[in-house]
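# An overview of the molecular structure
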Amino acid sequence: MSDHVVLHVKGRVLVGPQDVRDELWAVDGRVTYTRPCGEALTIEGWALPGLVDAHCHVGLDQHGPVDAATSEKQALTDRDAGTLLIRDAGSPSDTRWIDEREDLPKIIRAGRHIARTRRYIRNYAHEIEPEDLVAYVGQEARRGDGWVKLVGDWLDRESGDLGACWPRAEVEAAIAEAHRLGARVTAHCFAEDSLRDLVEAGIDCIEHATGLTEDTIPLFAERGVAIVPTLVNIATFPKLAQGGEQKFPRWSAHMRRLYERRYDTVRSAYDAGVPVFVGTDAGGSLAHGLVAAEVEELVKAGIPPIEALSATTWGARSWLGRPALEEGAPADLVVYGEDPRADVRVLAAPRRVVVNGRVIG
């Protein structure tokens, strides 16, 4: 990291979709638009607020929790890709030490996943029965940073297909408890049949949301329930389906159908006014550093480029209650050689990454 105290960013500073300024400074790690006295390190280009990955798992790999060195490598990979704010959507690892590091992304934690017994990936979640849901939601609400993560559906071995994990009454009570404690609730959902109960019970967000239909999309829009589609993860569905073909043919066929209509699902949700945000689902079996690829996927799905950009910058930060590039905000930003509003693929090649006012590298 550079030791310069004052940084001058010159060119085009994208404070908002239409709010473009010629320059900003970072003084003592904070954004200012007032020229300071003295010398400054100048960097030039198109500047955006640090990108947001709203569904990421630091401290987790495909087998479960990882050590601090692996967690650090994951966080560094995201940082170098321009991701400077992460909503960690469930991790069994304690990553609070990252908060002390001035060179790593800021993390908003959802605690550990809460799943039904034997209805999720081994070593990931608290695996419990419905009568314990309220207690565990309360526990994770206190441990997290304002979010709790449920597993809303998963493979039901008895039916051989995706199935909802929680009865309606327990879900209502659990979400009410999270809200009482000041936490929002999100849930992993691939299929159709868990969505109405979760939304009507007051959930705040759904991850993946591949099961959205013309029946449930208006409900999401009416209630303002956000989705984080994780399309770079949904791209793995055909491979997953192939692996489960012999043992669970109904599940495999269902996963393929969800995959085939993924773009239509996201576009229909967006068109109806459902808030859509960028998340990669990195940290399970998926690599970190894929935020640019996810933005590109949203554009392929039919979301306008400026809105896909907002879903990982201004809009995402506002949704998560974190500042962008306003006066006094932490100077977390990414500088590019071209205008990312004109072509979101520019996000894949950051020219400079700035964390707390210091240039990385």
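The structure displayed is predicted, hence computed values, not measured ones.

### Side note on the overall build of the protein chain
Scanning the protein chain from N- to C-terminus turns up 12 helices and 20 strands. Computed over C-alpha atoms, the radius of gyration of the protein chain comes to 20 Å, within 12% of the 21 Å expected from 2.2 N^0.38 for 361 residues, which places it in the range of a compact globule. Oriented by its inertia axes, the alpha-carbon framework of the protein chain measures out at about 70 × 40 × 35 Å. In the protein chain, buried positions account for 56% of the 361 residues. Partitioning the intrachain contacts of the protein chain with sequence separation of at least 6 by distance along the chain shows that 66% fall at a separation of at least 24. With the model as given, the accessible surface of the protein chain reaches about 14700 Å², and the carbon-plus-sulfur share is 46%.

### Structural notes on the pattern of salt bridges
Tallied over the full model, the rule gives 28 salt bridges. With a closest N to O distance of 3.2 Å, Arg 109 and Asp 145 form a salt bridge. With Arg 109 in strand β9 (residues 106-109) and Asp 145 in the loop between α2 (133-143) and β12 (147-151), this residue pair connects regions lying 36 residues apart in the sequence. Asp 145 gets classed as partly exposed once you look at its relative accessible area, which sits at 27%. Residues joined by salt bridges that share partners form a network here, namely Glu 72, Arg 79, Asp 80, Arg 101 and Asp 103.

### Digging into the layout of surface pockets
Its boundaries defined by the atoms lining it, the largest pocket holds a volume of some 1000 Å³. Lining the largest pocket are 35 residues, with Tyr 120, Ile 121, Trp 154, Leu 240 and Trp 251 sitting closest to its centre. Taken together, the elements giving at least two residues each to the lining of the largest pocket come down to β13 (153-156), α7 (237-244) and α8 (249-260). For the lining of the largest pocket, the per-class residue count stands at 14 nonpolar, 13 polar and eight charged. Computed from the structure, the second largest pocket encloses a volume of approximately 220 Å³. Residue lining of the second largest pocket: 16 residues in total, with Ser 91, Ser 93, Asp 94, Gly 111 and Arg 112 positioned closest to the centre. Partitioned by chemical class, the residues of the lining of the second largest pocket number three nonpolar, six polar and seven charged.

### Some points on the nonpolar core
By size, the foremost hydrophobic cluster in this structure holds 78 residues, and its most contacted members are Ile 203, Ile 206, Phe 220 and Leu 298. Leaving out residues up to four positions away in the same chain, Phe 220 has contacts with Leu 195, Val 199, Ile 206, Leu 212, Val 225, Ile 227 and Val 274. Core analysis: the next-biggest nonpolar cluster, separate from the first, contains 16 residues, Val 13, Ala 26, Val 31 and Leu 333 among them.

### Overview of the environment of Thr 280
Following the sequence through the fold, Thr 280 ends up in the loop between α9 (262-271) and α10 (291-300). Considering only alpha carbons, one finds Thr 280 and Val 291, 11 residues apart in sequence, at a separation of 6.2 Å. The contact partners of Thr 280, leaving out residues within four places of it in the chain, are Asp 53, His 55, Thr 230, Val 232, Asn 233, Leu 286, Leu 290, Val 291 and Glu 294. Engagement of the side chain of Thr 280 in a polar contact is seen with the side chain of Asp 53, the distance being 2.6 Å. A polar contact is formed between the side chain of Thr 280 and the backbone nitrogen of Ala 282, at a distance of 3.1 Å.

### Quick word on the pairing of strand β8 (residues 83-88)
Burial of β8 is extensive: six of the six residues sit out of reach of the surface. Here strand β5 (residues 51-56) runs beside β8; their pairing, made up of four bridges, is parallel. Bridged to Cys 56 within β8 is Asp 88. Sheet analysis places β8 next to β9, joined by four bridges and oriented parallel. Paired with Leu 85 across the strands is Lys 106, a residue of β9.

Rules of the game
- Residues numbered from 1 in each chain as written.
- Predicted model: local features only at pLDDT ≥ 70, side-chain atom pairs only at ≥ 80, totals over all residues.
- Heavy atoms only, no water.
- Helix = DSSP H or I, 4+ residues; strand = E, 2+ residues; numbered from the N terminus.
- Rg over C-alpha atoms; globule rule 2.2 N^0.38 Å.
- Buried < 20%, exposed > 50% of the residue type's maximum accessible area, 1.4 Å probe, protein only.
- Contact = heavy atoms within 4.5 Å.
- Areas by Shrake-Rupley, 256 points an atom, 1.4 Å probe, with all protein chains shown as cover.
- Salt bridge = Lys/Arg side-chain N within 4 Å of Asp/Glu carboxyl O.
- 1 Å grid on protein atoms, 1.4 Å probe; cavity = no way out; pocket = protein on both sides within 12 Å on 5 of 7 lines; lining within 4 Å.
- Points joined across faces, edges and corners; volume = space filled by probe spheres on them.
- Nonpolar A, V, L, I, M, F, W, Y, C, P; charged D, E, K, R; others polar.
- Core = buried A, V, L, I, M, F, W, Y, C linked by side-chain atoms within 4.5 Å.
- Polar contact = N/O pair within 3.5 Å; in protein donor to acceptor, adjacent residues only side chain to side chain.
- Pairing = 2+ DSSP bridges.

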